[in-house]
Amino acid sequence: MSTAANQYRAAPAILPAASGIRGVLSDAFWRKPKLLLFLMLLPPVLWLGVVYIGSLFALLLQSFFSIDEYSGLIKREFTLKTYGDLLQAANLDIILRTVTMAAAVTLASIVVAFPIAYYAARYARGRWKALFYLAVMLPLWSSYLVKVYAWKLILAKEGILTWLFSKLNLLWLLDGWLSLPIVGGNSLSVSFTGTFIVFVYVWLPFMILPMQAALERVPGNLIEASSDLGASPRQTFWNVLLPLALPGIVAGSIFTFSLTLGDYIIPQIIGTSRLFIGQAVYSQQGTAGNIPLAAAFAVVPIVIMGLYLWMAKRMGAFDAL
Amino acid sequence: MRSDRNQKTPLGLKIAAGLGLIFLHAPILLIFVYAFTTEEKSYQWPPPGLTTQWFAVTWNRPDVWEALSLSVRVAAISTAIAVVLGTLCAAAVSRSKFFGRETVSLLVILPIALPGIITGIALRSAFALTDIPFSFWTIILGHATFCVVVVYNNAVARFRRTSGSMIEASMDLGADGFQTFRYVVLPNIATALLAGGMLAFALSFDEVIVTTFTAGQQQTLPIWMLEELIRPRQRPVTNVVAMVVVLVTLLPILLAYYLTRDGDQIAGSGK
């Protein structure tokens, strides 16, 4: 096939069977698309299946082991003792505290995110729209630790927030808030209020994006129709806009809720000494060396998120992702 | 005819949206001021004076360089693995419908949908059960797993826009499967892969929650920062590192945005 004369011969209508390994493979893939599909899926599925699903099973398995209280060694035999330990009052307290915080953070994120998402979806056009998108995307992708660190600077007793309050002659308000039980503390950076603010800040973009996606799909003339028919802006908001945006809100709340449930760094750096689920997991596996209890603790957010996702699915949240 | 284009924005909405954006950005900008402060012992505001000496101090700290180098190596290898796995998976999912397709896409998304601490403790339990010692590679195992999803998201969005008839045309014109991939498919998806790769790099470079469970004694840059946050040794150095990290992560994100901005479901939305 490589002589000069051959070059000028008309190409056959049906190409000859390809030769060489490469040709054979290429033909095989064309004839049997299933084979190609299988080979393409094999590496990622194998990786995720073994590394990730395998690890999740290991986690589940560990939670049914227990720790020997005297030797500190892990006994590898099936028992429900670790789950019994999990249900102690102190641990239930941790779970309740974390879930309450996650719910509060989610609600606050919805309130703060809505104006941004609504403005970006309905009023921003062209260049402004791109700018808004970047303005949400950049904080989302900037370093998580740097964001937490920035808040440590802001909330510190000698930091900018105290300075701002004193310039506005509102120091009495800050002190009053800090003297309250539960939400207060010595300074904002060692109070639940501080933890709450930082959680809202760090997860806010995760709420804005799906909310905006849902609001983009609400036709503007629906809102005009509502006001033409005599609804006040308030009525339009509660009866037209909110129900239509709900799938997006639920989708965003999956992120804010799940991320708050699992975080252990924010409450450790900004907050009180009372633990959250993530911190309990971390300290059980680390200093205490009690991997079974840590694993059992980690099963709690999985179960809560499972329920949450199931409810979200029924509300149609996944169509908005 | 829709008439919502030339409507006036309610003032209250404008203010609320503006305040929201200030809330999102002011803390990050504050970091830049603190990198120049002369105050060493506290987080005092306003800074008593400004100086650039901490940049030199940071430059001469070997522990910062070691952490940075480990982070870059981990991110580079994890990104490479994630690009290969994510592209394969995206190609398979978008070119055909098969039994278990939904399961595969769920499998890819799961590591990022579940809280990081679960991925972390799961890997930790698995290493404990199989007696795998912590090393450079255990960090990579974790990072690559959750980086697959960002590459996958970008690649799937691009495959959806790439018409299948181009591949058929290429084959009809006599190209074999490999040539078609090299000359038709790859040029079409290259920018999406690049964007996904950069986001994966940024994600891995910044990851701390999973890493604390898989790193053992080694320090990536985020772990170094976490240590400084819990037990501050030299606050100004932390300020400088924080500022540099912001600048370093900014670039890949902006680039990824420009690579995918026309029409794709855009790069970052699936962190």
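Residues numbered from 1 in each chain as written. Chains lettered and ligands numbered in written order. Predicted model: local features only at pLDDT ≥ 70, side-chain atom pairs only at ≥ 80, totals over all residues.

Colleague: For this particular structure, what's the right way to read the overall build of chain A?
Modeller: Looking only at helices and strands, chain A features 15 helices and 2 strands. Here the C-alpha atoms of chain A give a radius of gyration of 28 Å, more than 25% beyond the 20 Å that 2.2 N^0.38 yields for 321 residues. With the C-alpha coordinates aligned to their principal axes, the bounding extent of chain A is approximately 95 × 75 × 40 Å. When each of the 321 residues of chain A is scored for burial, the buried share is 43%. Residue pairs at least 24 apart in sequence account for 71% of intrachain contacts in chain A once pairs closer than 6 positions are excluded. (Helix = DSSP H or I, 4+ residues; strand = E, 2+ residues; numbered from the N terminus. Rg over C-alpha atoms; globule rule 2.2 N^0.38 Å. Buried ≥ 20, exposed ≤ 12 C-beta atoms within 10 Å, placed from the backbone. Contact = placed C-beta atoms within 7 Å.)

Colleague: Where do I start with the overall build of chain B in this structure?
Modeller: The helix and strand inventory of chain B stands at 11 helices and 0 strands. The order of α-helices and β-strands along chain B, N terminus first, is α-α-α-α-α-α-α-α-α-α-α. Burial status across chain B gives 47% buried among its 271 residues. For chain B, the proportion of contacts with a sequence separation of at least 24, taken over those separated by at least 6, is 77%.

Colleague: Where do I start with the interface of chain A and chain B in this structure?
Modeller: Quite often, the size of an interface is put as the accessible area lost when its parts meet. Taken residue by residue, the interface counts 78 residues in chain A and 73 residues in chain B. With 18 residues, the top contributor of residues to the side of chain A that touches chain B is helix 3 (residues 33-63) of chain A. Here the side of chain A that touches chain B is composed, by residue class, of 59 nonpolar, 14 polar and 5 charged. (Nonpolar A, V, L, I, M, F, W, Y, C, P; charged D, E, K, R; others polar.)

Colleague: What am I meant to see in the environment of B:Ile140 here?
Modeller: All names here are of chain B. By the secondary structure assignment, Ile 140 is in helix 6 (residues 136-161). On the neighbour-count criterion, Ile 140 (21 C-beta atoms within 10 Å) is buried. Taking the C-alpha atoms as reference, Ile 140 lies 9.4 Å from Thr 79; in sequence the two are 61 residues apart.

Colleague: Which parts of the structure should I look at to understand the confidence of the model for chain A?
Modeller: Interpretation of this model should avoid reading the predicted coordinates in detail wherever pLDDT is low. Looking at chain A, the pLDDT average stands at 84 and 92% of residues meet or exceed 70. Of all secondary-structure elements in chain A, the lowest mean pLDDT belongs to helix 1 (residues 4-7) of chain A, at 50, while helix 5 (residues 89-122) of chain A reaches the highest, 92. (pLDDT = per-residue confidence, 0-100.)

Colleague: Explain the domain arrangement of chain B to me, please; I cannot follow it from the model alone.
Modeller: Residues and elements named next belong to chain B. The domain boundaries assigned to chain B delineate domain 1 (12-51) and domain 2 (61-270). Taken together, the contact between domain 1 and domain 2 spans 7 residues of the former and 7 residues of the latter. Residues belonging to the side of domain 1 that touches domain 2 are distributed by class as follows: 5 nonpolar, 1 polar and 1 charged. (Domains from an automatic or database assignment.)

Colleague: Help me understand the environment of B:Thr212, please; the structure alone is not making it clear to me.
Modeller: Residues and elements named next belong to chain B. Its place among the elements puts Thr 212 in helix 9 (residues 209-214). On the basis of neighbour count, Thr 212 is assigned to the buried category, with 22 C-beta atoms found within 10 Å. Between the C-alpha atom of Thr 212 and that of Trp 137, which follows or precedes it by 75 residues, the distance is 14 Å. Apart from residues lying up to four places away in sequence, Thr 212 is in contact with Gly 120 and Ile 223.

Colleague: Please explain helix 7 (residues 144-155) of chain A as it appears in this structure.
Modeller: Because an α-helix packs 3.6 residues into every turn, residues spaced three or four apart end up facing the same way. All names here are of chain A. Spanning 12 residues, helix 7 covers 17 Å between terminal C-alpha atoms, matching the ideal 16 Å at 1.5 Å per step. Extensive coverage of helix 7 is indicated by the burial of 11 of its 12 residues. Along helix 7, the residues that are buried comprise Tyr 144, Leu 145, Val 146, Lys 147, Val 148, Tyr 149, Ala 150, Trp 151, Leu 153, Ile 154 and Leu 155. (Expected span 1.5 Å × (residues − 1).)

Colleague: In this structure, what is going on with the confidence of the model for chain B? I would like to understand it.
Modeller: Residue and element names in this part refer to chain B. Chain-level statistics for chain B give a pLDDT mean of 83 and a share of 94% at 70 or above. The element-level mean pLDDT for chain B is lowest in helix 4 (residues 101-113), coming to 80, with helix 3 (residues 62-95) highest at 90. Confidence over residues 1-6 falls short of pLDDT 50; this stretch has 4 contacts with residues more than four positions distant or in other chains. For this predicted complex, the interface confidence score (ipTM) comes to 0.82, while the overall pTM stands at 0.84.

Colleague: Would you explain unusual backbone geometry in this entry?
Modeller: One can expect most non-glycine residues to show negative phi and most peptide bonds to be in trans. One non-glycine residue, A:Asn169, adopts positive backbone phi at about 55 degrees. Using a count of 8 C-beta atoms within 10 Å as the deciding quantity, one classes A:Asn169 as exposed.

Colleague: Which parts of the structure should I look at to understand the domain arrangement of chain A?
Modeller: Each assigned domain of chain A is listed here: domain 1 (20-51) and domain 2 (83-320). In this structure, domain 1 of chain A and domain 2 of chain A have C-alpha centres spaced 43 Å apart.

Colleague: Is there a simple way to think about the packing of helix 8 (residues 177-206) of chain B against helix 11 (residues 235-260) of chain B in this case?
Modeller: Axis angle and axis distance: for two packed helices, these are the angle between their axes and the distance between the axes, and together they describe the pair. Residues and elements named next belong to chain B. Interaxial distance between helix 8 and helix 11 falls to 9 Å at its minimum, and their mutual angle equals 155 degrees. The angle between helix 8 and helix 11 places the two elements in the roughly antiparallel class. The chirality of how helix 8 crosses helix 11 is left-handed. Counted together, Thr 191, Ala 192, Leu 194, Ala 195, Met 198, Leu 199, Phe 201, Ala 202, Phe 205 and Asp 206 of helix 8 and Thr 249, Pro 252, Ile 253, Leu 255, Ala 256, Leu 259 and Thr 260 of helix 11 form the full contact between these two elements. (Axes fitted to C-alpha atoms, helices over the stretch in contact; angles between N-to-C directions. Parallel < 35°, antiparallel > 145°, perpendicular 65-115°, else oblique. Left-handed = near helix turned anticlockwise from the far one by under 90°.)

Colleague: Please explain the nonpolar core as it appears in this structure.
Modeller: If you look at the biggest cluster of nonpolar residues, it comprises 170 residues, and the most contacted ones within it are A:Ala117, A:Trp203, A:Met211, A:Val281, B:Ile121, B:Val148 and B:Val151. Broken down by element, this core gets its largest block of residues, 18 residues, from helix 10 (residues 192-216) of chain A. Ignoring sequence-local partners within four residues, the contact set of A:Met211 consists of A:Ala113, A:Phe114, A:Ala117, A:Ala245, A:Gly248, A:Ile249 and A:Gly252. (Core = buried A, V, L, I, M, F, W, Y, C linked by C-beta atoms within 7 Å.)

Colleague: Before we go on, may I ask you to explain the packing of helix 15 (residues 291-314) of chain A against helix 5 (residues 116-130) of chain B in this structure?
Modeller: The geometry of helix 15 of chain A relative to helix 5 of chain B is characterised by a closest axis approach of 10 Å and an angle of 145 degrees between their N-to-C directions. Relative to helix 5 of chain B, helix 15 of chain A is oriented so that their crossing is left-handed. Between helix 15 of chain A, through A:Ile291, A:Ala294, A:Ala295, A:Ala298, A:Pro301 and A:Ile302, and helix 5 of chain B, the contact on the second element is made entirely by B:Ile117, B:Ile118, B:Ile121, B:Ser125 and B:Ala128. Across the contact of helix 15 of chain A with helix 5 of chain B, the residue classes break down as 10 nonpolar, 1 polar and no charged.

Colleague: So what exactly am I meant to see when it comes to the environment of A:Ser253 here?
Modeller: All names here are of chain A. With respect to the element layout, Ser 253 can be found in helix 12 (residues 233-262). Using a count of 25 C-beta atoms within 10 Å as the deciding quantity, one classes Ser 253 as buried. Distance from Ser 253 to Arg 217, taken between C-alpha atoms, is 19 Å for residues 36 residues apart in sequence.

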